[in-house]
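# Inside the fold
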Amino acid sequence: MSAFYEEIDRTTTGAATFRSNEATQGPWSTEMQHGGPPSALAVRELERLAPADGGHIARFSLDFLAPVPVVPLTVRTEVVKPGKRAQLLAAEITAGDRTVLTARAWWRRQAPDLVHEVPDPASAQPFPDPDSLKTDEADDELSRHLDHGWIAAMEFRYVSGHAATPGPAQVWVRPRLPLLAAEPTSPTQKSVLISDGASGFSSVFDFRTHLFSNLDLNLSFLREPAGEWISLDANTSLDAAGGGTTLTRLGDRGGVFGYCMQALYVEPHGAGG
């Protein structure tokens, strides 16, 4: 595996088609993608549409309309609301004739020293540096079961908790592969690629006994992240009727840079009607 995707076509109207590689596979099926790669692919195309400098993606909101198969994907984008200070951008990804996800992003202009900084209080108690932590190995039954596709394409260094242990988790993550071959993955693309895994890091149930699938992915960025590592402080809450929410604080070596929220649908395997 050299990358999550390869670009295979781009039309004069801006629609682009990408080959989906093995690294995009999710935990539920080798034929379906993890939510992180197609979400990051949408960000990549939205960043191409946004102004080239002077700002960043301030909010990214995505809805999964169907499971994303490991097949070629086509991305279309548009500017919904142009503007000098902020622009609203939209993306749609299709697999064949089916729309599998839609996304919107607010691009926000930045100006140095415009106001004084008010950091998240959690920045005063940063995670241990990732260089001081050991890389997680797939040395338990559940981890070995999940060690393919997106999970195998990531490096994890846990501060507390673990994907194989139900409950909250604090973890540093970095991709082992670029989103596209021979192209650097932008900090925002990387954050989205990783953040979709938050509900898995802080899972309450075993993947083998329960489905807990996120219906959406919502990120708010105080600033653009920096560096190769992204930290996640993730916690999942459940309602007995099958509702779930994962709330995650996102950081880098400079402190907290943003937040992620996911709405979940949770049920035992085989319970769906």
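Residues numbered from 1 in each chain as written. Predicted model: local features only at pLDDT ≥ 70, side-chain atom pairs only at ≥ 80, totals over all residues. Heavy atoms only, no water.

For the rest of this paragraph, the subject is the overall build of the protein. Each helix and strand in the protein was counted, giving 5 helices and 13 strands. Relative to its length of 273 residues, the protein is compact, with a C-alpha radius of gyration of 18 Å against a globular reference of 19 Å. Each of the 273 residues in the protein was classed as buried or not, and the buried ones make up 48%. Excluding contacts between residues fewer than 6 apart, the proportion of contacts in the protein whose partners are at least 24 apart in sequence is 66%. (Helix = DSSP H or I, 4+ residues; strand = E, 2+ residues; numbered from the N terminus. Rg over C-alpha atoms; globule rule 2.2 N^0.38 Å. Buried < 20%, exposed > 50% of the residue type's maximum accessible area, 1.4 Å probe, protein only. Contact = heavy atoms within 4.5 Å.)

Let's shift gears to the packing of helix 1 (residues 36–49) against helix 4 (residues 187–195). Following both chains from N to C, one finds helix 1 and helix 4 inclined at 160 degrees, their axes separated by 7 Å at the closest point. Here helix 1 lies roughly antiparallel to helix 4, going by the angle between them. Relative to helix 4, the crossing made by helix 1 is right-handed. Contact residues: Gly36, Pro37, Ser39, Ala40, Val43, Arg44 and Glu47 in helix 1; Thr188, Gln189, Val192 and Leu193 in helix 4. Its residues assigned to classes, the contact of helix 1 with helix 4 comprises 5 nonpolar, 4 polar and 2 charged. (Axes fitted to C-alpha atoms, helices over the stretch in contact; angles between N-to-C directions. Parallel < 35°, antiparallel > 145°, perpendicular 65-115°, else oblique. Left-handed = near helix turned anticlockwise from the far one by under 90°. Nonpolar A, V, L, I, M, F, W, Y, C, P; charged D, E, K, R; others polar.)

This brings us to the side chain of Asp196. With respect to the helices and strands, Asp196 occurs in the loop between helix 4 and helix 5 (198–201). Of the side chains with opposite charge, Arg59 comes closest to the buried, unpaired Asp196, at an N-O distance of 15 Å. Within the structure, the side chain of Asp196 is placed 3.3 Å from the backbone nitrogen of Gly35, a separation counted as a polar contact. Here Asn214 takes part through its side chain, which lies 2.8 Å from a polar atom of the side chain of Asp196. Setting aside residues no more than four positions away along its own chain, Asp196 makes contact with His34, Gly35, Gly36, Phe64, Asn214, Leu217 and Gln262. (Lys, Arg positive; Asp, Glu negative; His and termini not counted. Salt bridge = Lys/Arg side-chain N within 4 Å of Asp/Glu carboxyl O. Polar contact = N/O pair within 3.5 Å; in protein donor to acceptor, adjacent residues only side chain to side chain.)

As a further point, take the pattern of salt bridges. Proximity of charged atoms lets side chains of opposite charge pair with each other. For the coordinates displayed, the defined rule picks out 14 salt bridges. Here Arg19 ties to Glu6 by a salt bridge, and the two come within 3.2 Å at their closest N and O atoms. Placement of Arg19 in strand 2 (residues 16–20) and of Glu6 in strand 1 (residues 5–10) is noted, with a sequence separation of 13 residues between them. The partly exposed category is assigned to Arg19, whose relative accessible area is 39%. What makes Glu6 partly exposed here is its relative accessible area of 29%. The residue Arg10 makes a salt bridge to Glu7 at a minimum N-O spacing of 3.0 Å.

The space that makes up the largest pocket amounts to roughly 900 Å³. In terms of lining, the largest pocket is formed by 41 residues, of which the most central are Gly26, Pro27, Trp28, His34 and Phe207. At the level of elements, helix 2 (141–146), helix 3 (149–152), strand 7 (154–162), helix 5 and strand 9 (210–214) are the ones that each hand at least two residues to the lining of the largest pocket. Partitioning the lining of the largest pocket into residue classes produces 23 nonpolar, 13 polar and 5 charged. Taken as a whole, the second largest pocket encloses approximately 580 Å³ of empty space. (1 Å grid on protein atoms, 1.4 Å probe; cavity = no way out; pocket = protein on both sides within 12 Å on 5 of 7 lines; lining within 4 Å. Points joined across faces, edges and corners; volume = space filled by probe spheres on them.)

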